[in-house]
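# Tertiary structure, described
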Amino acid sequence: MSTTEKQTRSWKAERVLDGMGKKLSRQITGSLVACVHCGMCTESCHYVLANPGDPTYAPAYKADKIRRLFKRHHDWTGKVFPWWVKAGSVYTDEELEELKDIVFGRCTNCRRCTFSCPMGVDLATFNRMARGLLVSVGIMPEGVAVVSKDQWETGNQMGVLKEDYLETLEWMEEELQDELDDPTVSIPVDQPDCDVVYSINPREVKYDPRTISDAAKIFHVAREKWTMASEGWDMTNFGLFSGDDALGGSVASRLYEKVNELRGKTLVISECGHGFRSTRCEGPNWAKFDVPFVMESSIFTMLRYIKEGRIKVDKSKNPKPVTYHDSCNFARSCGITEEPRELLHLVCEDVREMYPNRAENYCCTGGGGAMSMSEYTRERLKSGVVKANQLEATGAEVVVTSCHNCVDGLTDVIRHYKLGMEVTQLVNLVANALVIEGKPAHAVVPGLEVEAGSNAQA
Ligand code: SF4
Ligand code: SF4
């Protein structure tokens, strides 16, 4: 950059532009140069569909706000012919704030537009890069700052204290002992040499501990040799949302190191799309960690138990019509679409497909950490009309999702559009459908019915 530009640019703007040069992987650069502005991705974005006639929500329009900086500072075309390739720069903190509102407030990094692009442009990849650059100079939504700080300092993104976490596990253990009338049922902590180390989302401790007791019930009935960890138990990773690779690596390392310390054979990740993607797919790269154990989503674990005959289920215990919402991170980013459906059909009587579905499903509106960014709630809920219409068309009473983030996003959409649907997860339905030896097949265990709003976040 020229001397004149340096003199008139804020230090934050300068640092963002310099930092971009260090983040330009082949994948990001490919996406930044490949767009031919054909517009084929436009209609794939739920923000566009909810705001007809407003071109500023189009994926290519949003992407160009980042691309212009790349072109001006890191691509020869923009250095030589800036007017031709629409290259541009940023100079002030106000301009960075405007960019923040686009990359955090108008895109959930859901990657649906990527699937419509003939050139393979992956906006979410460089949108995340832009988020990370802004975060590096302290420009971010307040919620992102708070959650990131919690995860840096306490090791979990909801700031759950160790004593509260352990107390919750004890409480769930006692509940389960009462419920099954079996004092030997336990939620083991820090047991070495187990076949399964079970990691969870802190939301489960804080707002939805029943998912922990349901999982424990399944492990108990399957006679699994399992444990939870007293530290390094949070499988979520706000680094995926904030674009902060250092946070991503630190969080993932805590988890991996704890499993290694316990000599666990398989790390089972409870139902969470971004948690699974962060831990299983991105974490080893961020943390530069050679993971020696197997990492598996609990969807696969539960399905395996049924197939191996380790647990028996009775689908008549879940008679309400259900539909499945594919989390963006599971379906589009990890290709997991069939296993949750297979499991759902085994434990529910009436399963109805949502359209579009699988990799073409629309975001719950809460992706990319959007639930933590209250300043954009109005826009988020407006974009939720697309999801609301999809849900309503199924005629289902219950929407099932394998993601805690989606539970919150869907609950908010359902409440806002007054759909009157329940939201639940596979673990709740599997636990409810369990046939436990010595108990009649059709008896619903008291307190474990799937209830309206049971997963609603406070
Ligand atoms: S479909 Fe791809 S090439 Fe076409 S405008 Fe969208 S991002 Fe650009
Ligand atoms: S990633 Fe999702 S929210 Fe972002 S522009 Fe593409 S379709 Fe829209």
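Residues numbered from 1 in each chain as written. Chains lettered and ligands numbered in written order. Predicted model: local features only at pLDDT ≥ 70, side-chain atom pairs only at ≥ 80, totals over all residues. Heavy atoms only, no water.

## What to know about the site of ligand 2
Just so we agree on the cut-off: Nearness is defined per residue: one heavy atom within 4 Å of the molecule or strand is enough. Polar here means any residue outside two lists: the nonpolar Ala, Val, Leu, Ile, Met, Phe, Trp, Tyr, Cys and Pro, and the charged Asp, Glu, Lys and Arg; Gly therefore counts as polar.
Near ligand 2 lie 13 residues; those nearest to it are C45, C107, C110, R111 and C113. Class assignment of the residues belonging to the shell around ligand 2 gives a composition of 7 nonpolar, 3 polar and 3 charged.

## Structural notes on the sheet that holds strand β3 (residues 266-269)
Within a sheet, adjacent strands bond to each other through the backbone by hydrogen bonds, running parallel or antiparallel. Here is the rule we go by: Being paired, for any two strands, means DSSP has found at least two bridges between them. Strands are runs of DSSP state E lasting at least 2 residues, helices are runs of H or I lasting at least 4, and numbering of each runs from the N terminus. With axes taken as lines fitted to C-alpha atoms, and helix axes fitted only over the stretch in contact, angles between N-to-C directions fall between 0 and 180 degrees.
If you walk across this open sheet you meet the 4 strands as β2-β1-β3-β4, and the pairing is parallel. Strands at the two margins of the open sheet, each flanked by one partner only, are β2 (226-228) and β4 (294-297). Neighbour-to-neighbour, the strand axes of the sheet open up by a mean angle of 30°, direction not taken into account. Pairing of strand β1 (residues 196-199) with β3, which is carried by 4 bridges, proceeds in the parallel orientation. The partner of V197 across the bridge, within β3, is L267.

## Side note on the environment of E224
As a reminder of what qualifies: Only protein chains enter the accessibility calculation, which uses a 1.4 Å probe. A residue is then buried if its area is under 20% of the maximum for its type, exposed if over 50%, and partly exposed in between. Any pair of N or O atoms that falls within 3.5 Å is considered a polar contact. Within protein, one atom must be able to donate a hydrogen and the other to accept it, and sequence-neighbouring residues count only if both atoms are side-chain atoms.
You can see E224 is positioned in the loop between α12 (210-221) and β2. Owing to a relative accessible area of 12%, E224 belongs among the buried residues under this scheme. For the pair E224 and R310, spaced 86 residues apart in sequence, the C-alpha separation works out to 9.1 Å. Separated by 2.5 Å, the side chains of E224 and Y305 make a polar contact.

## As for the pattern of salt bridges
Under the convention used in this document: Criterion for a salt bridge: a side-chain nitrogen of Lys or Arg within 4 Å of a carboxyl oxygen of Asp or Glu.
A complete count under the given rule lists 27 salt bridges for this structure. Linking R106 and E379 is a salt bridge whose minimum nitrogen-to-oxygen distance equals 3.3 Å. With R106 in the loop between α7 (93-103) and α8 (123-136) and E379 in helix α19 (residues 377-383), this residue pair connects regions lying 273 residues apart in the sequence. Both residues of the pair, R106 and E379, count as buried. Each of D326, E338, R341, E353 and R358 takes part in salt bridges that share partners, so that together they form one network.

## Comments concerning the confidence of the model for the protein
Basically, it comes down to this: On a scale of 0 to 100, pLDDT captures the predictor's confidence in every residue. The contact criterion used is simple: two residues touch if any of their non-hydrogen atoms lie within 4.5 Å.
When pLDDT is averaged along the protein, the result is 94; 94% of the residues meet or exceed 70. Across residues 440-458, where pLDDT falls below 50, the model places 50 contacts with residues more than four positions away in sequence or in other chains.

## Considering the pairing of strand β8 (residues 398-401)
For clarity, the cut-off: Orienting the strands away from the viewer, one traces the path from the first strand over the helix to the second; a clockwise path indicates a right-handed crossover.
The two faces of β8 match: V398 and V400 on one face and V399 and T401 on the other face are all buried. In terms of handedness, the path from β8 via helix α21 (residues 404-416) over to strand β9 (residues 422-424) forms a crossover that is right-handed.

## Side note on a negative patch on the surface
Basically, it comes down to this: Patch criteria: residues need more than 30% relative accessible area and no salt bridge. Like-charged residues are merged within 9 Å; nonpolar side chains of Val, Leu, Ile, Met, Phe, Trp and Tyr are merged within 5 Å. Reported accessibility uses the Shrake-Rupley method at a 1.4 Å probe radius. Residues are deemed covered only where the shown protein chains occlude them. As used throughout, the charge tally considers Lys and Arg to be positive and Asp and Glu to be negative, leaving His and the chain termini uncounted. Each charge is placed at NZ for Lys, CZ for Arg, CG for Asp and CD for Glu.
Taken together, the side chains of E163, D164, E167, E170, E174, E175, D178 and D181 define an acidic patch exposed on the protein surface. For D178, the position within the fold is in helix α10 (residues 162-180). A relative accessible area of 63% means that D178 is categorised as exposed.

## What to know about α12
Working note: α-helix, 3.6 residues per turn, so residues spaced by three or four point in the same direction. Just so we agree on the cut-off: The span expected for a helix works out to 1.5 Å for each residue beyond the first.
In this model, α12 (12 residues) spans 16 Å end to end at C-alpha, consistent with the 16 Å of a helix rising 1.5 Å per residue. Where burial is concerned, most of α12 is hidden: 11 out of the 12 residues are buried. Of all the residues in α12, the buried ones are R210, T211, I212, S213, D214, A215, A216, K217, I218, F219 and V221. A positive backbone phi angle near 55° is found at R223, which sits one or two residues after α12.

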